[in-house]
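# Overview (structure and organization)
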Amino acid sequence: MAESFAVGRAIVVRHVWRGRVFLVWTAVVAHDDTNLLALWIPPGAPCLRPGVRDALPYEQPLVERPWHAPGVLQLWARGAAHAIWLLDDAWYVNLQEPFRRRDDGVETADQLLDLVRARDGRWSWKDEHELEAAVAGGFVSPEEAAGVHAEAERVVAADPFPTGWENWEPDPSWPAPSRPAGFF
Ligand SMILES: [Mg+2]
């Protein structure tokens with residue numbers, strides 16, 4: 001198992017629910033130390049996504065749909081149950097399981113609920129109904145959902161913005177991630 005990944009290395013991000021991969025991204029490591037893993041997902045990075053949009057992601061066949069422009073820098077604090085995405089006009093807080101390392105990348109599970117924090121300080125919730133539907137459908141336990149909400153409330157209370165990464169730019173010499181083996 002990799003202790004840390006070299007900057008510029010392409011890795012695979014697997015989202016796993018009860019042993020089943022339901023979402024796959026590819027990314028380039030922008031930073032990796034004991035506190036923080038930063039991932040750059042360039043536009044066009046190969047991804048596998050649930051085939052049906054606007055439906056719960058679990059138990060769906062996956063289809064190839066690359067990452068959209070303009071790409072995104074994601075900050076994954078070690079042990080945290082969320083990641084921060086740096087958007088042009090806001091920060092996006094993606095609730096997800098604390099990541100686990102693999103030889104070729106990392107594993108987590110997107111937990112559906114998201115938060116958006118505007119530059120002016122306003123917060124908005126996103127996809128609350130999806131998490132409710134996942135509980136209603138038996139995919140996520142009420143206790144797990146309460147934990148996701150609690151993590152979101154912690155981020156709102158901490159309000160850790162700006163992150164210091166706002167002016168970061170990818171190294172143009174980094175190779176684009178290739179399609180991950182074993183999925184196609
Ligand atoms: Mg999400």
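Residues numbered from 1 in each chain as written. Predicted model: local features only at pLDDT ≥ 70, side-chain atom pairs only at ≥ 80, totals over all residues.

## Quick look at the overall build of the protein
The secondary structure content of the protein amounts to 2 helices and 12 strands. Starting at the N terminus and ending at the C terminus, the protein contains elements arranged as β-β-β-β-β-β-β-β-β-β-β-β-α-α. Computed over the C-alpha atoms, the radius of gyration of the protein is 16 Å, within 12% of the 16 Å expected from 2.2 N^0.38 for a compact globule of 184 residues. Over its C-alpha atoms, taken along the principal directions, the protein stretches across nearly 45 × 40 × 30 Å. When burial is assessed residue by residue, the protein has 34% of its 184 residues classed as buried. Nonlocal contacts in the protein, meaning residues at least 24 apart in sequence, comprise 49% of its contacts between residues at least 6 apart. (Helix = DSSP H or I, 4+ residues; strand = E, 2+ residues; numbered from the N terminus. Rg over C-alpha atoms; globule rule 2.2 N^0.38 Å. Buried ≥ 20, exposed ≤ 12 C-beta atoms within 10 Å, placed from the backbone. Contact = placed C-beta atoms within 7 Å.)

## Brief notes about helix H2 (residues 142-158)
With 17 residues, H2 should cover 24 Å at 1.5 Å per step; its first-to-last C-alpha distance of 24 Å lies within 8% of that length. Among all positions of H2, only Val 148, Glu 151, Ala 152 and Val 155 are buried. All buried residues of H2 fall inside an arc of 100 degrees around its axis, so they share one side. Residues of H2 that are exposed and angled more than 90 degrees away from the buried face: Pro 142, Glu 143, Ala 146, Ala 150, Glu 153, Arg 154 and Ala 157. Looking at the packing, one finds that the buried side of H2 touches strand E7 (82-86), strand E8 (90-96), strand E11 (110-118) and helix H1 (128-136). Two residues or fewer after H2 comes Asp 159, characterised by a positive phi angle close to 45 degrees. (Expected span 1.5 Å × (residues − 1). Arc of directions from axis to C-beta.)

## What about the pairing of E11?
Most of E11 is tucked away: 7 of the 9 residues are buried. Pairing of E8 with E11, which is carried by 6 bridges, proceeds in the antiparallel orientation. Note that in E11 the partner of Trp 91 across the bridge is Arg 117. The antiparallel pairing of E11 with strand E12 (residues 123-126) creates a hairpin that spans 4 residues between the two strands, and Gly 121 there sits at a positive phi of about 100 degrees. (Pairing = 2+ DSSP bridges.)

## Quick notes on the nonpolar core
Ranked by internal contacts, the top residues of the largest apolar core, which has 43 residues, are Ile 11, Ala 27 and Leu 39. The dominant element in this core, judged by the number of residues it contributes, is strand E2 (residues 20-32), at 8 residues. Sequence-distant contacts of Ala 27, that is, excluding residues within four places in its chain, are made with Ile 11, Val 13, Leu 39, Trp 40, Ile 41, Ala 45 and Pro 177. (Core = buried A, V, L, I, M, F, W, Y, C linked by C-beta atoms within 7 Å.)

## Structural notes on unusual backbone geometry
In this structure, Pro 70 follows Ala 69 across a cis peptide bond, with omega equal to 10 degrees. With respect to the secondary-structure elements, Pro 70 resides in the loop between strand E5 (62-64) and strand E6 (72-77). In the Ramachandran plot, Glu 59 falls in the positive-phi region, its phi being about 60 degrees despite a non-glycine side chain. For Glu 59, the position within the fold is in the loop between strand E4 (48-50) and E5. Take Glu 59: there are 12 C-beta atoms within 10 Å of it, and that puts it in the exposed class. Positive phi is not limited to glycine here, since Asp 127 has a value of about 65 degrees. In this structure, Asp 127 sits in the loop between E12 and H1.

## Some points on the environment of Pro 162
Among the structural elements, Pro 162 can be located in the segment after H2. Given 10 C-beta atoms within a 10 Å radius, Pro 162 is considered exposed. As for Pro 162 and Trp 91, which are separated by 71 residues in sequence, their C-alpha atoms are 8.8 Å apart.

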